[in-house]
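Spelled out, the chains give:
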Amino acid sequence: MNEIRKKPRFPFPRYPRGWFQVAYVDEIEPGQVMPLKYFGKDFVLFRNESGELAMLDAFCPHLGAHLGYGGKVVGDSIRCPFHAWEFGASGKCTAVPYAKRIPAKAEMKAHPIREINGLVMAWFDVDGEPPAWEIPKIPEYDSEEWTPYLRRRWQLRTHNQEMAENVVDIAHFKYVHGMKIVPQPHLVEASYPTLRMETKTVMETPMGDVEGILSVECHGFGFSTSRFSGLVRTTVIASVTPIDDEYVDVRFSFAVHKGAGADVARGIGKAFTAEIARQLEEDKPVWENKTYFERPMLCDGDGPIGEFRRWCKQFYPEWYVKQAAEEYAVAHAS
Ligand code: FES
Ligand SMILES: [Fe+2]
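All values reported here derive from a predicted model rather than from experimental measurement. The written sequence of each chain sets the order in which its residues are numbered from 1. Labels are handed out in written order, letters beginning with A for the chains and numbers beginning with 1 for the ligands. Local features in this predicted model are restricted to residues of pLDDT 70 or higher, and side-chain atom pairs are both shown and tallied only at a pLDDT of 80 or more, whereas totals for entire chains, interfaces and linings draw on every residue. Side-chain metrics in this entry use all non-hydrogen atoms of the structure; hydrogen atoms and water are not considered.

### Comments concerning the packing of aromatic side chains
Part 1 of the argument: Any Phe, Tyr or Trp ring, taking Trp's six-membered ring, that has another such ring centre within 6.5 Å forms a pair; planes under 30 degrees apart are called stacked, those over 60 apart edge-to-face, and the others tilted. With the rule as written, the count across this model stands at 23 aromatic pairs.
Part 2 of the argument: An aromatic cluster is defined as three or more aromatic residues linked by ring pairs; in this entry it consists of W19, W123, W133, Y192, F221, F308, W311, F315 and Y316.
Part 3 of the argument: Positioned over the ring face of Y24 is R151, at 3.9 Å from the centre of the ring. We call a charge positioned over a ring when the NZ of a Lys or the CZ of an Arg lies within 6 Å of the ring centre and within 35 degrees of the ring normal.

What follows is the structure in structure tokens.
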């Protein structure tokens, strides 16, 4: 029987290495269990009664139940809904209530996670390698000087790399987003895993157009901060997590500096959130339907797209790049 497979949409690998947001810290209290679907796989996230957070592969090694659906936290472990085997935060089986001996290999794979900046970040590496870097702490989170996050979330049919390319694609800001000036960003840093870019920009606010500086910092493809300094300082944390072969989960967390007073910050926060959400909605039909050219026809007014794409390559192992390119070539040959 022929396997029915969709044509891969992109000639590069689907799942880059890095830290990716899978939840907000406050969404998962002690005793809570959450099923997750990311990186084309199923997982279970739970916080045990000691407060320790764990992300395990979803399926019980016994007879395959999904622990995210009906699994219960008992003490420091999660109990399978099917036959009550228990697993600790490390994934080791801690109890089989009806057996004399726990099978030696009874274990679920645990994935590296961090609780940072109010976000739960999971490490993904297609080769299963341990984390190669850490996400930095940002001063906006949990600060008296900044508003708590305003949150927005979307599911989009695109790829992390395509969304990230938006930042260096300067011409689209005018033609998709109607900005009055085409920003002129320069790459301040393109190392591993950090990309930093700065540009002068004009933000439209309820108080009129405000000139300011936009600085964007990406730490791999999963976590970036965009900071606008103008009349009021604002920050948007963009988290993009691949769900499967087609979709990404996008969470934007907005914070506004309270320097001009809490009321002003609230007002600006709302307008700022609406403006960035509007921009994302404008990008959406392009992203969801475009194709990707490895050799695009660029002109002198385009941004540093080549440099950006060289930076992207660092997040996929060589074998994975080769495999994706071959699969793409075969699928698109006919
Ligand atoms: S499937 Fe989990 S205990 Fe049997
Ligand atoms: Fe855009």
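Moving on, there is more to tell.
### Concerning the coordination of the iron ion (ligand 2)
A four-donor tetrahedral metal ideally has 109.5 degree angles, and a six-donor octahedral metal ideally has angles of 90 or 180 degrees.
Part 1 of the argument: Taken together, N166 (OD1), H172 (NE2), H177 (NE2), D283 (OD) and D283 (OD) make up the protein donors of the iron ion (ligand 2), found 2.2 to 2.5 Å from the metal.
Part 2 of the argument: Metal donors were taken as nitrogen, oxygen and sulfur atoms no farther than 2.8 Å from the ion, or 3.2 Å where the ion is Na, K or Ca. Water is excluded, so coordination may look unfinished. Written as a sequence motif, the donor arrangement for the iron ion (ligand 2) is N-x5-H-x4-H-x105-D. The burial state of N166 is the same as that of H172; both residues are buried. Exposure categories follow from relative accessible area, calculated using a 1.4 Å probe and restricted to protein chains: below 20% of the type maximum is buried, above 50% is exposed, and the middle band is partly exposed.

### Focus: the side chain of D57
Part 1 of the argument: Numbering of helices and strands starts at the N terminus; helices are DSSP runs of H or I of at least 4 residues and strands are runs of E of at least 2. Turning to its location among the elements, D57 is positioned in strand β4 (residues 53–57).
Part 2 of the argument: On the basis of relative accessibility, which here comes to 19%, the residue D57 falls in the buried class.
Part 3 of the argument: Two N or O atoms form a polar contact when they lie within 3.5 Å of each other; inside protein one atom must be a possible hydrogen donor and the other a possible acceptor, and for residues adjacent in sequence the pair counts only when both atoms belong to side chains. Within polar-contact distance, the side chain of D57 engages the side chain of K41 at 3.5 Å.
Part 4 of the argument: A contact between two residues is defined here by any heavy atoms of the two lying within 4.5 Å. Excluding its chain neighbours within four sequence positions, the residues that come into contact with D57 are K41, D42, F43, V44, M108, K109 and H111.

### Topic: the domain arrangement of the protein
Part 1 of the argument: For each domain, the first and last residues come from an automatic or database assignment. Each assigned domain of the protein is listed with its residue range as follows: domain 1 (18–124) and domain 2 (150–311).
Part 2 of the argument: Here domain 1 and domain 2 have C-alpha centroids that lie 33 Å from each other.
Part 3 of the argument: Listed as interface residues are 14 residues of domain 1 and, on the opposing side, 17 residues of domain 2.
Part 4 of the argument: Taken together, both faces of the contact between domain 1 and domain 2 bury some 1,200 Å²; the carbon and sulfur share is 53%.
Part 5 of the argument: When a carboxyl oxygen of Asp or Glu lies within 4 Å of a side-chain nitrogen of Lys or Arg, that pair is called a salt bridge. Between the two partners, domain 1 and domain 2, sit one salt bridge.
Part 6 of the argument: Note that R151 is salt-bridged to D26, the shortest N-O span being 2.7 Å.
Part 7 of the argument: Counting every contact that joins domain 1 to domain 2 gives eleven residue pairs in polar contact (both at pLDDT 80 or more). Put simply, buried area is the surface a 1.4 Å probe can reach on two separate parts but cannot reach once they are joined, added for both.

### Notes on the side chain of T201
Part 1 of the argument: Summarising the element assignment, T201 is placed in strand β14 (residues 194–205).
Part 2 of the argument: When near neighbours in sequence (up to four residues on either side) are disregarded, T201 contacts M179, I181, V210, E211, G212, L214 and F228.

### Let's talk about the sheet that holds strand β1 (residues 18–24)
Part 1 of the argument: Strands pair, by our definition, only if DSSP identifies at least two bridges between them. Strand order in the open sheet made by the three strands is β1-β11-β10, with antiparallel pairing throughout. The open sheet is flanked by β1 and β10 (113–116), the only strands paired with a single partner. Taken over all neighbouring pairs, the strand axes of this sheet differ in orientation by 30° on average, direction set aside.
Part 2 of the argument: Where β1 and strand β11 (residues 119–124) come together, six bridges link them in antiparallel fashion. Its bridge partner being in β11, G18 is matched across the sheet by F124. All axes here are fitted lines through C-alpha atoms, helices being fitted over the stretch that makes contact, and every angle between N-to-C directions spans 0 to 180 degrees.

### Remarks on unusual backbone geometry
What is expected of a backbone is that most residues other than glycine have negative phi and most peptide bonds are trans.
Part 1 of the argument: Cis geometry is found at the peptide bond from Y192 to P193, where omega equals 10°.
Part 2 of the argument: The residue P193 is located in the loop between β13 (186–190) and β14 in this model.
Part 3 of the argument: Despite not being glycine, N117 shows a phi value in the positive range, around 60°.
Part 4 of the argument: If you trace the backbone, N117 turns up in the loop between β10 and β11.

### Let's talk about the pattern of salt bridges
Part 1 of the argument: This structure, assessed with the given rule, holds 17 salt bridges.
Part 2 of the argument: Residues R47 and E115 are paired through a salt bridge, measuring 2.8 Å at the closest nitrogen-oxygen approach. Placement of the pair is R47 in strand β3 (residues 41–47) and E115 in strand β10, with a sequence separation of 68 residues.
Part 3 of the argument: Given the relative accessible area of 7%, R47 is considered buried.
Part 4 of the argument: Residue D249 pairs with R153 through a salt bridge whose shortest N-O separation is 2.7 Å. Taken together, the residues span a long stretch of sequence, with D249 in strand β18 (residues 248–256) and R153 in strand β12 (residues 150–156) at a distance of 96 residues.
Part 5 of the argument: Of the residues examined, D249 reaches a relative accessible area of 2% and is grouped as buried.
Part 6 of the argument: Salt bridges sharing common partners tie together R153, D249 and R251.

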